[in-house]
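# Breakdown of the fold
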Amino acid sequence: MRLRAAEVVSLAVIAFLAVAALAPFLLAPGDPLAIDPLDSFQSPSTAHVFGTDESGRDIFTRVVHGTGASLTIGLAATAIGLGLALVFGLLAGFGPRWLDFGTTRLLEVLFAFPGLLFALLFIVVYGPGVVTSTIAVGLSTAPGYARIIRSRVIQVRTSPYLEASVVLGRSARFRIARHVLPNVAGSLFVLATLGVGQSIVWASSLSYLGLGAVPPAAEWGAMLSAGRTYISSFWWMTFFPGLFIVLSAAATTVLGRSIQQRGRES
Amino acid sequence: MTALLSVQNLSVAFGGSTVVSGVSFEVQPGECVGIVGESGSGKSVTARALLGLAGPRSTVTADELRFDDTSIADATPRRLRTLRGRDIGYVSQGALVALDPLRTVGREIGDSLRLHGGLSARQRQERVLSLLADVGMPEPSLRAGQRADQLSGGLRQRAVIASAIALGPRLLIADEPTTALDSTVQAGILDLLERLRSEGTALILISHDLAVVSRLASRVLVMRGGRIVETGSTAEVLTAPQHPYTRQLIAAVPTDRPRGTRLGAPLAAPVLRAAPVLPATPVLPTAPDLPATPVGNSGLAPQPAAAPPATPLGNSGLRSGKGPDSAVSTGRPPRTPEFPKGTAGTPDEGLPGSPEFPTKEEEAVVVEATGLVRRFGDRLAVDGVSFVLERGRTLGVVGESGSGKTTVARLVLALDRPDAGEVRILGEPWSAAPERDRRDRRPLVGAIYQDALSSFDPRLTVGAILADALSGGRSRRPDAAVARLLGQVGLDPSVAGRRPRLLSGGQQQRVAIARAIAPRPRVIVCDEPVSSLDVSVQAQVLDLLDELQRELGLSYLFITHDLGVVRHVSDEVLVMREGRVVERGATEAVFTAPQHDYTRRLLASAPRIAAAPPRA
């Protein structure tokens, strides 16, 4: 199998982000919170590749150390969203007709809210913070996933090969475990890779609004928010965290799309 | 008279691979030329090349490719469009999906008139109605306002033909125009084409079915691997085929071939392992206590289990009332329960799927259906169907689409519950039993479907599918038993590592058969198992089913719309129409002396290879 250029770049970006998240000290040995007021507002140079912020903290170090927080929020939110969606999807796809009807109508109601608005509502009720914003993003992405998973479950459940399995005398539990879940898992994986990028953007948006991670914590959205005040004079304070949000979202999305495509082709 | 269409040395290549090479033929005005061959033989590509539709990635070369006085090879796209619209009509393969689902039939047909005809809207409307009437569409003015999904397959095909002949083309190319249609509908379409031809339209008829082509064509081209292997007048080719492939194609047509003869010549079945020639009476291994008397009669079906069969009631086969007493019976002794002296009880070691008969007295009746009724809304899909299927025998169920035959199959497979009546398997309740009780006995009843591929989990390899079936779902690791099973259905053990979708249609159906026999069933419900296969592959699969029946003592409930196939495979036959059994009896009796009008009509419409050339 041959990799396209875009795929190679995405893989490289993801590898870099993975290292940054798991072992940030390898890439940026400094302390992301160490302040140096004399060194504030330095533009990018060899000493500070991405420049420094208002307290003289190195932005490169902060961006690298913020990867873990941002990615964790993105991954956890996606996992929450998909997990909820899987439960809804299986209930709707396998349950009795009234349950399918009820679940589908509920999802339609949730669809009526813009996703981010729903997340904001949740935070208003449960207070800001990293955990609540993660759950909020997870909840607001769930309806979209649930609808896709439901249709996929129904598609597999009514397929001739599931009927063939009934004819062979397999129990319902066997059919779900050995045929439905594995066949749904493929699309689930694609949804997850596509979803991580979106979740990162949403989580960063919440932090930007001051509802997620709070400064001085090194988190991309929070850094954007802090840099906003100085955006006209010191562009690097918002540009580099923003760049990382874009890169990570783009890389996971490109990867998800190409997995989806390869799945269709093969 | 100069030829209307002249093709000299036509070749078509896609990228580096040549799919059609050195094809030459002519079509005279008002003549019908048939092109016969299997899928992949290049017949459709040839047709599309004639229309300049071979596709952007194709390379078409020909010494001559001329329609009337236009060279198709040199024509501009604009000239080609007029040619296609006005002079050459094309009925493409898969006409069932050739109509835009969002547009009415009238608009579809009116389009070609609008683009090429220069008529007013009113004149167009009238022309559309007269065209629809021409192609035998009932109530043309109603139909013109309907969309494709409101029409049956036969009516859609008529609509497509109507749009193809809208501008009175001099040549009509029909690619598999009757495939996927029921035989009575098929006969209607062929009559329509024949009428068009007799009115002066030249016709190129493309089909994998020699019988269809032989009805209309005065000349036949036999294609294989992109080349013409034989050509000549239809009568010559059919009565004295020169090329071995043609002989094979003719031999593979099951119509009028008696039960038990092989369809595929050895040449036709290279993948079949060299099976020993089996005697007409099979050797059933471990059941010496079976009654050696014929048990062909089952007219008294609901008698207690294992009661000795009554004497044959030769005339009961043609009754068609409801109720168990109308069960199929024939005067013919069955082929199965006879044991050559001295060999009975010898286990056949080489066959992993040899049935293990229980030591208790074996039930002769495998499936017994009594008064089955299934209602969908207001419609009675199945209305009082009863039958009895004995061990080692085949019961054919014929009927057109919508006759309820597939619903019967689903009831026997317990995928659906009858609203009234019941199915019993080996004398035990089946449709009436709760799924929990039935599940352990489900391996007794196997199934083979028309679309084998979609009946396999797409993630699994052939080996995993078969290992799963052999182990009752406990394992998916292919082992020696899987290899033996593959051998039994004539496949190489290396197939185990491949995915079904990479196999040919015939191979897929063999895998499906292997899966069906893996749990050692007594009966296999075959729902149109060969309908989507080429004739020669169909013959191999039918031969395989026959072989397995002899080896394993299987019973088949064989559902098909193809009368030729049903005559070839079944001992008894049920003819179904609108949910009812209109005729039943021994296959030969039904085919030679049909009692019911509908059966007679069905038989008359069955395509068979015409011995005499068609009227020129």
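Placed above this text is the structure.
All values derive from a computational prediction rather than experimental measurement.

Across its full length, chain A carries 10 helices and 0 strands. Written out in order from the N terminus, the α and β elements of chain A read α-α-α-α-α-α-α-α-α-α. For chain A, the proportion of its 266 residues judged to be buried stands at 42%. The contacts in chain A between residues at least 6 apart in sequence include a share of 65% that link residues at least 24 apart.

With that settled, consider the packing of helix H5 (residues 115-126) of chain A against helix H6 (residues 130-157) of chain A. The description of two packed helices rests on the angle between their axes and on the distance between the axes. Residue and element names in this part refer to chain A. Relative orientation of the contacting elements H5 and H6 amounts to 140 degrees, with a least axis distance of 8 Å. Relative to H6, the element H5 lies oblique. In the packing of H5 onto H6, the handedness of the crossing is right-handed. In contact with Gly 115, Leu 116, Phe 118, Ala 119, Phe 122, Ile 123 and Tyr 126 of H5, H6 contributes Thr 132, Ser 133, Ala 136, Val 137, Leu 139, Ser 140 and Thr 141.

So, about the sheet that holds strand S8 (residues 171-175) of chain B. Residues and elements named next belong to chain B. Strand order in the open sheet formed by 6 strands is S7-S8-S9-S3-S10-S11, and the pairing between neighbours is mixed. Each of the sheet's edge strands pairs with one partner strand only, and the pair in question is strand S7 (88-91) and strand S11 (227-233). Neighbour-to-neighbour, the strand axes of this sheet turn through a mean angle of 15 degrees, independent of strand direction. Where S7 lies against S8, 4 bridges are found, and the strand directions are parallel. Among the inter-strand pairings, Tyr 90 is bridged to a residue of S8, identified as Ile 173. The strands that helix H10 (residues 244-252) touches are strand S3 (32-36), strand S10 (219-224) and S11; relative to S10, the one it contacts most, it runs at about 105 degrees.

Our next topic: the interface of chain A and chain B. Accessible area lost during the coming together of the parts is what is often quoted as the interface size. Residue-level contacts link 15 residues of chain A with 17 residues of chain B. Sorting the residues of the side of chain A that touches chain B by element identifies helix H7 (160-167) and helix H8 (172-208) of chain A as the ones contributing at least two each. The element that contributes the greatest number of residues to the side of chain A that touches chain B is H7 of chain A, accounting for 6 residues. Residues that form the side of chain A that touches chain B fall into these classes: 8 nonpolar, 5 polar and 2 charged.

With that settled, the discussion passes to the sheet that holds strand S15 (residues 420-425) of chain B. Residue and element names in this part refer to chain B. Read from one edge of the open sheet, 4 strands run S13-S12-S15-S16, paired in antiparallel fashion. Of all the strands in the sheet, the pair left with one neighbour each is strand S13 (379-390) and strand S16 (428-429). Bridge count between strand S12 (residues 365-376) and S15: 5 bridges; the pairing is antiparallel. Across the sheet, the residue bridging to Ala 369 is Val 423, located in S15. Docked against the sheet, helix H11 (residues 405-412) engages S12, S13 and S15, running at close to 120 degrees with respect to S12.

A few words now on the nonpolar core. Residues and elements named next belong to chain B. In this structure, Ile 204, Leu 205, Val 412, Leu 466, Val 525 and Leu 557 are the most contacted members of the largest nonpolar core, which totals 168 residues. Tallying contributions element by element places helix H16 (residues 535-552) first for this core, with 9 residues. Among all residues touching Ile 204, those that are not within four sequence positions of it are Val 27, Val 33, Ile 35, Ala 47, Leu 171 and Ile 173.

Here we take up the pairing of strand S9 (residues 202-207) of chain B. Successive side chains on a regular strand alternate, one facing one side of the sheet and the next facing the other. Residue and element names in this part refer to chain B. Taking burial as the measure, the 6 residues of S9 include 6 buried ones, the bulk of the element. Of the pairings in the sheet, the one linking S8 to S9 comprises 5 bridges and is parallel in character. When the bridges of S9 are listed, Ile 173 appears paired with Ile 204.

Residues and elements named next belong to chain A. In contact at an axis separation of 7 Å, helix H3 (residues 59-94) and helix H4 (residues 97-112) are set at 140 degrees when each is read in the N-to-C sense. Here H4 runs oblique to H3, going by the angle between their axes. Note on packing geometry: the crossing formed by H3 with H4 is left-handed. In this structure, H3 contributes Phe 88, Leu 91 and Ala 92 to the contact, and H4 contributes Leu 99, Asp 100, Thr 103, Thr 104 and Leu 107. For the contact of H3 with H4, a count of residues per class yields 5 nonpolar, 2 polar and 1 charged.

Residue and element names in this part refer to chain B. Structurally, Ile 109 can be placed in helix H3 (residues 105-116). Ile 109 sits in the buried class, given 27 other C-beta atoms within 10 Å. Each C-alpha atom of the pair Ile 109 and Ala 166 lies 7.0 Å from the other, and the pair is 57 residues apart in sequence. Not counting residues up to four positions away in its chain, the partners in contact with Ile 109 are Val 128, Leu 131, Ala 159, Ala 162, Ser 163 and Ala 166.

Parameters and conventions
Residues numbered from 1 in each chain as written. Chains lettered and ligands numbered in written order. Predicted model: local features only at pLDDT ≥ 70, side-chain atom pairs only at ≥ 80, totals over all residues. Helix = DSSP H or I, 4+ residues; strand = E, 2+ residues; numbered from the N terminus. Buried ≥ 20, exposed ≤ 12 C-beta atoms within 10 Å, placed from the backbone. Contact = placed C-beta atoms within 7 Å. Axes fitted to C-alpha atoms, helices over the stretch in contact; angles between N-to-C directions. Parallel < 35°, antiparallel > 145°, perpendicular 65-115°, else oblique. Left-handed = near helix turned anticlockwise from the far one by under 90°. Pairing = 2+ DSSP bridges. Nonpolar A, V, L, I, M, F, W, Y, C, P; charged D, E, K, R; others polar. Core = buried A, V, L, I, M, F, W, Y, C linked by C-beta atoms within 7 Å.

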